[in-house]
Amino acid sequence: MQEATRLIAVRHGETAWNLDTRIQGHIDIGLNATGLWQAQRAGQALADEDIGAIYASDLSRAWQTAEAIAKPHGLTVQSEPRLRERAFGHFEGMSFAEIEARLPEQARRWRWRDPEFEPEGGESLLTFRDRVTGVAAELAARHPGELVVLVAHGGVMDVLYRAATRQALQAPRTWQLGNAAINRMLWTSGGFSLVGWSDTAHLAAGNALDETTS
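Residues numbered from 1 in each chain as written. Predicted model: local features only at pLDDT ≥ 70, side-chain atom pairs only at ≥ 80, totals over all residues. Heavy atoms only, no water.

I tried to follow the overall build of the protein chain on my own but got confused; where do I start?
Along its length, the protein chain carries seven helices and six strands. Against the globule reference of 17 Å for 214 residues, the protein chain gives a C-alpha radius of gyration of 16 Å, in line with a compact fold. Along the longest, intermediate and shortest principal axes, the C-alpha atoms of the protein chain span 50 × 40 × 25 Å. By residue count, 49% of the 214 residues in the protein chain fall in the buried class. Within the protein chain, contacts between residues at least 6 apart in sequence are counted, and of these 72% link residues at least 24 apart. Charge-centre separation for the protein chain: the mean point of 21 positive side chains lies 2 Å from the mean point of 27 negative side chains. (Helix = DSSP H or I, 4+ residues; strand = E, 2+ residues; numbered from the N terminus. Rg over C-alpha atoms; globule rule 2.2 N^0.38 Å. Buried < 20%, exposed > 50% of the residue type's maximum accessible area, 1.4 Å probe, protein only. Contact = heavy atoms within 4.5 Å. Lys, Arg positive; Asp, Glu negative; His and termini not counted. Charge placed at Lys NZ, Arg CZ, Asp CG, Glu CD.)

Dropping the structure here:
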């Protein structure tokens, strides 16, 4: 029987667009000063962990966070574009308020988490879930018995939490997805299971905004 893979999933640090409640999706926005501090703190918090590999979304906000985690270990971050945030198509660059005002029917379907709704040029929740759970399982399977870090985005964290707790895509979210929070899971051939979620003790001197869509 294959040994379980331990997973630490980390959302990227804060960006200016997080503060503006603006949809980032696949737009490449880097960390702001707070985000860089959060990434450094996450790196310090995980410095004594026996990490075997670090994979990250290739978008700057996740990549910068991953590099801060990798540095104390002398590891090279491995790029994995399939860990990108959900593609939001024409929503990207717009604030929540702008979407509500300009596209009320699409905003309603988005807010109600319609699994089949695709913003023009973007992904449905169903497609996004399959992408995220597929790549996370693939990466975990490469490292039986090891600890692997996945650095990605709020939407990715949400999908992983739902997979680990067997919650439906449309279930209302009652869990936190803060910037640079440390989330722990196990993976076996039977799927994901939850170990611990939203550890932000390392960010006690600052604030970690909860995820919405970036």
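Would you mind showing me how to read the nonpolar core here?
One recurring pattern in soluble globular proteins: nonpolar side chains tend to sit buried together. Of all hydrophobic cores here, the largest spans 27 residues; its most connected members are Leu7 and Leu150. Leaving out residues up to four positions away in the same chain, Leu7 has contacts with Ala140, Leu147, Val148, Leu150, Asn183, Arg184, Met185, Trp187 and Phe192. Ranked by size, the runner-up nonpolar core spans 16 residues in total, among them Ile54, Ala66, Leu147 and Val151. (Core = buried A, V, L, I, M, F, W, Y, C linked by side-chain atoms within 4.5 Å.)

Which parts of the structure should I look at to understand the sheet that holds strand β6 (residues 191-199)?
Paired through backbone hydrogen bonds, the strands of a sheet run either parallel or antiparallel to each other. Pairing in this open sheet of six strands is mixed, and the strands run β3-β2-β4-β1-β5-β6 from one edge to the other. Two strands close off the open sheet at either side, each with one partner strand: β3 (78-79) and β6. Here two bridges tie strand β2 (residues 51-56) to β3, and the two strands are oriented parallel to one another. Pairing of Tyr55 across the sheet is with Gln78, part of β3. (Pairing = 2+ DSSP bridges.)

Where do I start with the side chain of Gln38 in this structure?
Considering the arrangement of structural elements, one finds Gln38 in helix α2 (residues 33-45). At a separation of 2.8 Å, a polar atom in the side chain of Gln38 contacts the main-chain amide nitrogen of Glu14. (Polar contact = N/O pair within 3.5 Å; in protein donor to acceptor, adjacent residues only side chain to side chain.)

Is there a simple way to explain unusual backbone geometry in this structure?
Comment: phi is negative for the bulk of residues other than glycine, and the bulk of peptide bonds are trans. One non-glycine residue, Thr21, lies in positive phi territory at about 50 degrees. In the Ramachandran plot, Arg166 falls in the positive-phi region, its phi being about 60 degrees despite a non-glycine side chain. Secondary-structure assignment places Arg166 in the loop between α7 (154-165) and β5 (182-188). Residue Arg166 is classed as exposed on the basis of its relative accessible area, which comes to 56%.

How should helix α6 (residues 125-141) be read in this particular structure?
Helical periodicity: at 3.6 residues per turn, an α-helix aligns residues three or four positions apart in one direction. Given a rise of 1.5 Å per residue, 17 residues ought to cover 24 Å, and the 24 Å separating the end C-alpha atoms of α6 matches this to within 8%. Three or more residues of α6 are buried, namely Leu125, Phe128, Arg131, Val132, Val135, Ala136, Ala137, Leu139 and Ala140. Looking at the buried residues of α6, the elements they touch are β1 (5-11), β2, β4 (147-152), α7, β5 and β6. (Expected span 1.5 Å × (residues − 1).)

Before we go on, may I ask you to explain the environment of Tyr55 in this structure?
Within the element layout of this structure, Tyr55 appears in strand β2. Among the residues examined, Tyr55 registers a relative accessible area of 3% and is labelled buried. Not counting residues up to four positions away in its chain, the partners in contact with Tyr55 are Gln78, Leu83, Leu139, Arg142, His143, Val148, Val149, Leu150 and Val151. Polar side-chain contacts of Tyr55 include one of 2.8 Å to the side chain of His143.

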